[in-house]
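Each chain is listed here by its residues.
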Amino acid sequence: MHITIVGSGYVGLVAGACFADMGHQVILVDNDQQKLDALNKGQVPIHEKFLPELLDRHRGRSLTFSDDLRSAVQASAAVFIAVGTPPTEQGEADLSYVESVARIIPSAINSYKVVVEKSTVPVYTSDWIRKIILRNAAPPDSFDVASNPEFLREGTAVTDFLYPDRIVVGADTERCASILRAIYAPLTDGSYYQRQDAIPRPDRAQTPPPLIITSTKSAELIKHACNAFLAMKISFINAVASMCESVGANVQQVCQGIGSDSRIGPRFLNPGIGYGGSCFPKDLMAFRAVARECGYEFRLLDEVMRINEDQRRRFVRKVHDALWTLRGKRLGVLGLAFKGGTDDIRESPAVLLVQTLLQEGCKIAAYDPAANERAREVLNASIEYAADAYEAASGADALLILTEWEEFASLDLDRLHQQLKYPIVIDGRNLYDPGTMAARGFTYYSVGRPVATSETLPLQEGAGAKKAIRS
Ligand code: UGA
């Protein structure tokens, strides 16, 4: 199939590379010439596993880059709109980029086209796109508008795209649905997974994925409802973690107990410092705003957002509990990205916490395996940027873990102990076992679990662990 994707941001670039890998001919259109030049030169603008391989494989062959939307639309059966939908000051999604693309499409319609919303957009957007295309003189039967929400996560975007739990297609005519079925056929008929050069299957992936056909409005709602539900799951467990802290229970044990109920499931039940990123915060506000506009007060979402913000305040309180006054204290910070596996710092709770701690007068040395450079654009010289975790910890009054990078979960604890001025670790991502940390001589604060110090060690555990350290 010949496909145009408009917008070479996160979703557009990953979708373009993956569609090309599925055997389609893809034109990726953007109006940012610098971005296009960089892509043509072989640069990869985002940190995403397998993306460099896919771009190398298809660049200049089945994946080309262009600033000419009209020619691209003329050459394609389907046009995916993957432009940005940033929040307005009121929290609504700004759809002006979507509208400007929709205005250009009619002048390029030379045969039946399917116009597909791929960006996260509020319900009714497909109706508006249709109206705009008609208003600009396209014959009503020369196109359809479909919604094909994307569920990929940053850091695992390529495998999420090629090994999805499901593919959702919102299409109001059979003609339109059949084109989207054909586009996804290499995944849904399993042929992609038979190929020797297919991107490797992640654990847990079930293939082939089901394709769910719905109305366009339902598909639009599915995307917002899905992100809102996941954010709610995180806020729920963060609220339970606060309860655990109040009564001295252990949230990890509670998670195991509730997550093993198959109706609830264990995923997205990790408590921490709250969710961030370019999706959940923005999408929750947009979903809240569109619900209100449609006459429904979705107050549950307000509470999800409130708990999320509170989680950062609670963390700062923990730093106070550990260090008493903060002015002049030196803190080592591990993690600036909004989650592990990415260099993205948009709405990162780690960066927001660093800013708060700076306001409290702390001195900060931070290390992130991928996001130091991006963070520098926001935090400038207000903090020191360390070359590794141990340098960040060097001479610090306490070490804060703010992002769930895998490498932060396997640090050399003895070396860390030596680097720190005081052996205090405040872990916002629960990467360590409190008993182990206490046995290694740390005072260890985490989320929803009792504070662990060598004094809190159960006798046997303490004795055994000390013996182990001596040997
Ligand atoms: C999210 C969704 O997971 C994707 O399905 C969706 O396609 C995407 O938004 C989008 O709308 O484009 P993403 O923002 O990449 O993906 O990141 P997640 O892995 O969902 O994490 C979001 C935040 O929640 C991070 O700050 C993470 O640290 C936090 N989180 C996640 C927790 O605090 N606890 C958890 O158990 C899981």
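Think of each chain on its own: its residues are numbered from 1, step by step along the sequence as written. Given that this is a predicted model, residues contribute local features only at a pLDDT of at least 70 and side-chain atom pairs are listed and counted only at 80 or more, while totals for whole chains, interfaces and linings are drawn from all residues. Heavy atoms throughout the structure, all of them, feed into the side-chain values; hydrogens and water do not.

The rule is short: rings of Phe, Tyr and Trp, with Trp giving its six-membered ring, pair when the centres are within 6.5 Å, and they are stacked under 30 degrees, edge-to-face over 60, tilted in between. Counted according to the given criterion, the structure contains ten aromatic pairs. Summarising the aromatic geometry, the rings of Phe19 and Phe80 are spaced 5.1 Å apart at their centres and angled 50° between planes, so their arrangement reads as tilted. One end of the pair, Phe19, is in helix H1 (residues 10-21); the other, Phe80, is in strand E4 (residues 78-81), and 61 residues separate them in sequence. Given a relative accessible area of 0%, Phe19 falls into the buried group. Exposed residues in this analysis have more than 50% of their type's maximum accessible area, buried residues have under 20%, and partly exposed residues fall in between, with area computed by a 1.4 Å probe over protein chains only. Judged by relative accessible area, Phe80 falls into the buried class, the value being 1%. Comment: elements are numbered from the N terminus, with helices defined as DSSP H or I runs of at least four residues and strands as E runs of at least two.

We call a residue near a molecule or strand whenever a single non-hydrogen atom of that residue lies within 4 Å of it. The environment of the ligand is formed by 20 residues, the closest being Phe151, Leu152, Glu154, Lys223 and Asn227. Residues adjacent in sequence count toward polar contacts only when both atoms are side-chain atoms; beyond that, a polar contact is any pair of N or O atoms within 3.5 Å, and within protein one must be able to donate a hydrogen and the other to accept it. One nitrogen or oxygen atom from the main chain of Glu154 is found 2.7 Å from an oxygen atom belonging to the ligand. A distance of 2.7 Å separates an oxygen atom of the ligand from a polar side-chain atom of Lys223. Calculation of accessible area relied on Shrake-Rupley with a 1.4 Å probe; when residues are assessed, cover is drawn exclusively from the protein chains displayed. Coverage of the ligand by the protein chains reaches 93% of its 710 Å² of free accessible surface. Considering every element that reaches the shell around the ligand, the biggest residue donor is helix H10 (residues 216-247), with three residues.

If you trace the six strands from one edge of the open sheet to the other, you get E11-E10-E9-E12-E13-E14, paired in parallel fashion. At either margin of the open sheet sits one strand with a lone partner, and together these are strand E11 (384-385) and strand E14 (443-445). Contacts were defined at the residue level, with two residues in contact if any of their heavy atoms lie within 4.5 Å. Axes, fitted as lines to C-alpha atoms, cover a helix only where it is in contact. Angles between the N-to-C directions of the axes lie from 0 to 180 degrees. Relative to strand E13 (residues 424-427), helix H13 (residues 299-323) is tilted by about 170°, and along the sheet it contacts strand E9 (330-334), strand E12 (398-401), E13 and E14. Here, any two strands with at least 2 DSSP bridges between them count as paired.

As a further point, take the pattern of salt bridges. Salt bridge criterion: a side-chain nitrogen from Lys or Arg within 4 Å of a carboxyl oxygen from Asp or Glu. Counted by the stated rule, this structure contains 26 salt bridges. The partner of Arg314 in a salt bridge is Glu245, with the nearest N and O atoms 2.9 Å apart. Taken as a pair, Arg314 in helix H13 and Glu245 in helix H10 lie far apart in primary sequence, 69 residues in all. Judged by its relative accessible area of 26%, Glu245 is partly exposed. Between Arg429 and Glu404 there is a salt bridge, and its shortest N-O distance comes to 3.5 Å. Here Arg429, found in the loop between E13 and helix H18 (434-439), pairs with Glu404, found in the loop between E12 and helix H17 (413-419); they are 25 residues apart in sequence, far enough to count as distant. Its relative accessible area of 13% is what places Arg429 among the buried residues. In this structure Glu404 comes out as partly exposed when scored by relative accessible area, which is 34%.

Another aspect to go through is helix H14 (residues 349-359). Within the sequence span of H14, burial applies to Pro349, Ala350, Val351, Leu353, Val354 and Leu357. Residues of H14 that are buried make contact with H13, E9, strand E10 (363-367), helix H15 (372-379) and E12. Positive phi shows up at Gly361, right after H14, with a value of about 95°.

As a further point, take the environment of Val14. Take Val14: it is sitting in helix H1. Judged by its relative accessible area of 0%, Val14 is buried. The sequence separation of Val14 and Glu48 amounts to 34 residues, and the corresponding C-alpha distance is 8.9 Å. With sequence-adjacent residues up to four places away left out, Val14 is seen in contact with Ile46, Leu51, Leu152, Ala157, Val158 and Phe161.

Note that all results are geometric; they support no functional claim without further evidence.
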